[in-house]
Amino acid sequence: MVENETIKIILSRRSIRRYKDKPVEREKIDAILACAAAAPSANNFRPWHFIETTDRQTLGALADAHPYGKMIAEAGVAIVVCAEKERNKAVDVWWEEDCGAAMENILVAAAALGLGSVWLGVLHHGPSGVPEKVRKILGIPADVQVVAIASIGYGAETKPPYGEADPALVHKGRW
Ligand SMILES: Cc1cc2nc3c(=O)[nH]c(=O)nc-3n(C[C@H](O)[C@H](O)[C@H](O)COP(=O)(O)O)c2cc1C
């Protein structure tokens, strides 16, 4: 494969769910947020809001709120990605894709900065009440969708990087 630092980082990104007890530096959080806000967006409506928290009590509350998000309690920072669907009088489409792109930028930026992270889905956890619980913890307005949480910290586990794409899933020319 081609030798390239960015490609290497993208392939090395894995879900890291165990963290060292070490704070994430302010400038790293700011860089990750800048990357989140630089994601592509349909019609350039940019529907996202980002809520960052390094507060241990809030991180603990978010961990309690999410059935598969217990690692947030040990994270250095969590970034909650939300969507204001009606931003710029936008029609109610594309915001899931836009926020997904922002999430991926967050995870890749974290990897580039030597941090481990994991994507925690929130949007479709309706029946277990996760969106409502997160909304309450963070004071998110009722008309703003809670899409996902990025749990980020200095990793206390390592996983092997990805390599070439599975050829069975890559179709050259046509299916
Ligand atoms: C939409 C979405 C929701 C996810 N939700 C969770 C979650 O709630 N808890 C969790 O531990 N991981 C969650 N993950 C991470 C996946 O489990 C992980 O990406 C997958 O197992 C592949 O592992 P990798 O990220 O190391 O490549 C989620 C990922 C995506 C894209």
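Look up a bit, the structure's there.
Reference entry: report on the structure contained in this document. (Residues numbered from 1 in each chain as written. Predicted model: local features only at pLDDT ≥ 70, side-chain atom pairs only at ≥ 80, totals over all residues.)

Quick word on the site of the ligand
Move 1: Around the ligand sit Arg 14, Ser 15, Arg 17, Tyr 68, Gly 69, Val 118, Trp 119, Leu 120, Gly 121 and Lys 159, and that is every residue in its neighbourhood.
Move 2: When grouped by side-chain class, the residues that make up the shell around the ligand number four nonpolar, three polar and three charged. (Near = placed C-beta within 6 Å. Nonpolar A, V, L, I, M, F, W, Y, C, P; charged D, E, K, R; others polar.)

Things to note about the nonpolar core
Move 1: With 41 residues, the main nonpolar core has Ala 78, Ile 79, Val 81 and Ile 106 as its most contacted residues.
Move 2: Elements represented by at least two residues in this core include exactly α2 (26-37), α3 (56-65), β2 (77-83), α4 (95-112), β3 (116-121), α5 (130-138) and β4 (145-153).
Move 3: Sort the elements by how many residues they give to this core and α4 lands first, with nine residues.
Move 4: Residue contacts for Ala 78: discarding those within four places in its chain leaves Thr 53, Leu 59, Leu 62, Ile 72, Ile 149, Ala 150, Ser 151 and Ile 152. (Core = buried A, V, L, I, M, F, W, Y, C linked by C-beta atoms within 7 Å. Buried ≥ 20, exposed ≤ 12 C-beta atoms within 10 Å, placed from the backbone. Helix = DSSP H or I, 4+ residues; strand = E, 2+ residues; numbered from the N terminus. Contact = placed C-beta atoms within 7 Å.)

Focus on the packing of α2 against α4
Move 1: Interaxial distance between α2 and α4 falls to 7 Å at its minimum, and their mutual angle equals 145°. With respect to the hand of their crossing, α2 and α4 are arranged in right-handed fashion. In this structure, α2 uses Ala 31, Ile 32, Cys 35 and Ala 36 to contact α4, whose residues at the interface are Ala 102, Asn 105, Ile 106, Ala 109 and Ala 110. (Axes fitted to C-alpha atoms, helices over the stretch in contact; angles between N-to-C directions. Left-handed = near helix turned anticlockwise from the far one by under 90°.)

Considering unusual backbone geometry
Move 1: The phi torsion at Asn 44 lies on the positive side, around 55°, for a residue other than glycine.
Move 2: Here the phi dihedral of Trp 94 falls at roughly 75°; this positive angle occurs in a residue that is not glycine.

Details of the pairing of β4
Move 1: Among the nine residues that make up β4, nine are buried, leaving the element largely enclosed by the rest of the structure.
Move 2: Relative to β4, β2 runs antiparallel, the two sharing seven bridges. Directly across from Val 77, in β4, lies its bridge partner Ile 152.
Move 3: Here β3 pairs with β4 via six bridges, running antiparallel. Its bridge partner being in β4, Val 118 is matched across the sheet by Ser 151. (Pairing = 2+ DSSP bridges.)

Concerning the environment of Lys 136
Move 1: Secondary-structure assignment places Lys 136 in helix α5.
Move 2: Lys 136 sits 105 residues away from Ala 31 along the chain, and the two C-alpha atoms are 27 Å apart.

Comments concerning α2
Side chains that are three or four residues apart share a direction in an α-helix, a result of its 3.6 residues per turn.
Move 1: Helix length check: α2 (twelve residues) gives 17 Å between terminal C-alpha atoms against 16 Å at 1.5 Å per residue, within 8%.
Move 2: Buried residues of α2: Ile 29, Ile 32 and Ala 36, and no others. Axial view of α2: buried residues confined to an arc of 65°, hence all on one face. Turned more than 90 degrees off the buried face of α2, the exposed positions are Arg 26, Glu 27, Asp 30 and Ala 34. (Expected span 1.5 Å × (residues − 1). Arc of directions from axis to C-beta.)

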